[in-house]
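# Architecture at a glance
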Amino acid sequence: MADPVISVQDLGIEFFRSRRRRMQLRELLFHGSSGAPKQTFWALRNISFDIQPGEAVGLVGGNGGGKSTLLKMIAGVLLPDEGSVTVNGGVAPLIELTGGFVGELSARDNIYLTAGLHGLPKAAIEERFDDIVAFAGPEVRAGLDTPYRHFSSGMKVRLGFAVVTTLDEPIVLVDEVLAVGDRAFREKCYQRMESLLADGRTLFLVSHSEKDLRRFSTRGLYLKRGELVMDAPMDDVLERYNHDLDAGA
Ligand SMILES: Nc1ncnc2c1ncn2[C@@H]1O[C@H](COP(=O)(O)OP(=O)(O)OP(=O)(O)O)[C@@H](O)[C@H]1O
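What this report covers is the structure whose coordinates are included nearby. Computed from a predicted structure; not experimentally measured.

## Things to note about the site of the ligand
Inspection of the region around the ligand gives 13 residues, with Asn63, Gly64, Lys67, Ser68 and Thr69 positioned closest. Residue Gly65 places a main-chain N or O atom 3.1 Å away from an oxygen atom belonging to the ligand. At 2.5 Å from an oxygen atom of the ligand is found a side-chain nitrogen or oxygen belonging to Thr69. Look at the ligand: alone it shows 640 Å² of surface, and the protein chains cover 60% of it. Those elements giving two or more residues to the shell around the ligand turn out to be β1 (6–16), β2 (40–51) and α2 (67–75). Top element by residues in the shell around the ligand is α2. It accounts for 3 residues. Tallied by class, the residues present in the shell around the ligand amount to 4 nonpolar, 8 polar and 1 charged.

Given below as structure tokens:
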């Protein structure tokens, strides 16, 4: 078997439950800064799995289960408090609507910036620029020179998906963002994801759509309150997840 493209070992990350408001100087003087103990919780703990090149993996679980947090750790946006994530190869992440784009820059500049940060030389970006814009659609084309922060949610996803799936990175992470696009655009995204998989890329998909999970993932990871409770073929994972939902577990 080939070396894993992603290897996660005993991964854990701890968050503060609530960020306390900043104390005023008067409160600090009279009450001191120690205050109540800070409450923390493990958003993910004891998570271990290996992913082989070309696998299509779906993350399943209820709200707050840790799916987005896991993708962010694979993307290197968050660092573990315990254990490790080893990624062999570049990652193209579409894990938040903003896709890491800079609000003040125009869409055009964001395309160059993001593609450049992922190692595409300027000539290659120029060559792909028209395809990116054509995929993103006429509204994005019309707004190419307006600041990205003025884009609607749908336009942000269109641009983000078009850019991220045009990069040459071997690992692609897609977090629930497709739900924002309209039906015609979603269908284009599905075809693009199919061609990425046919091309041998590794895909991680977070979705609450069973249909999408079955269509694009052969393997499922089920995260429940920060624990990996199942790692199995997607159909089996969905059966267990639905069973848990029905049982209110
Ligand atoms: N930066 C952060 N600081 C504190 N808590 C956080 C932070 N990011 C996420 N959390 C918490 O970690 C837990 C896991 O969140 P995460 O977004 O990974 O869940 P999810 O499975 O993607 O949920 P959903 O299906 O609702 O998108 C939640 O309780 C969330 O509130």
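## Observations concerning the pairing of strand β5 (residues 91–94)
Side chains Val91 and Pro93 of β5 all project onto a buried face; the interleaved residues Ala92 and Leu94 project onto the opposite face, where all are buried too. Pairing of β5 with strand β6 (residues 171–175), which is carried by 4 bridges, proceeds in the parallel orientation. The residue bridging Leu94 from the neighbouring strand is Val174, located in β6.

## What to know about the pairing of β1
Alignment of β1 against β2, held across 8 bridges, turns out to be antiparallel. Counterpart to Leu11 in the pairing with β2 is Ile47. Pairing of β1 with strand β4 (residues 82–87) involves 5 bridges; the strand directions are antiparallel. Looking at β4, one finds that Ser7 is bridged to Thr86.

## Things to note about the nonpolar core
In globular proteins that are soluble, nonpolar side chains generally tend to be buried together. Counting 47 residues, the largest nonpolar core has Ile111, Leu159, Phe161 and Val174 as its most contacted members. Sequence-distant contacts of Ile111, that is, excluding residues within four places in its chain, are made with Ile125, Phe129, Ile132, Val133, Leu144, Leu159 and Val163. With 24 residues, the next largest nonpolar core counts Ile13, Val57, Leu59 and Leu221 among its residues.

## Topic: the packing of aromatic side chains
Throughout the structure, instances matching the rule amount to 10 aromatic pairs. Among the aromatic side chains, those forming a connected cluster through ring pairs are Phe101, Tyr148 and Phe151. Positioned above the aromatic ring of Phe135, the side-chain terminus of Lys188 is 4.8 Å from the ring centre.

Procedures and definitions
- Residues numbered from 1 in each chain as written.
- Predicted model: local features only at pLDDT ≥ 70, side-chain atom pairs only at ≥ 80, totals over all residues.
- Heavy atoms only, no water.
- Near = heavy atom within 4 Å.
- Polar contact = N/O pair within 3.5 Å; in protein donor to acceptor, adjacent residues only side chain to side chain.
- Areas by Shrake-Rupley, 256 points an atom, 1.4 Å probe, with all protein chains shown as cover.
- Helix = DSSP H or I, 4+ residues; strand = E, 2+ residues; numbered from the N terminus.
- Nonpolar A, V, L, I, M, F, W, Y, C, P; charged D, E, K, R; others polar.
- Buried < 20%, exposed > 50% of the residue type's maximum accessible area, 1.4 Å probe, protein only.
- Pairing = 2+ DSSP bridges.
- Core = buried A, V, L, I, M, F, W, Y, C linked by side-chain atoms within 4.5 Å.
- Contact = heavy atoms within 4.5 Å.
- Phe/Tyr/Trp six-rings, centres within 6.5 Å; stacked < 30°, edge-to-face > 60°.
- Lys NZ or Arg CZ within 6 Å of the ring centre and 35° of its normal.

Remember that the coordinates give geometry; whether it matters functionally is a separate question.
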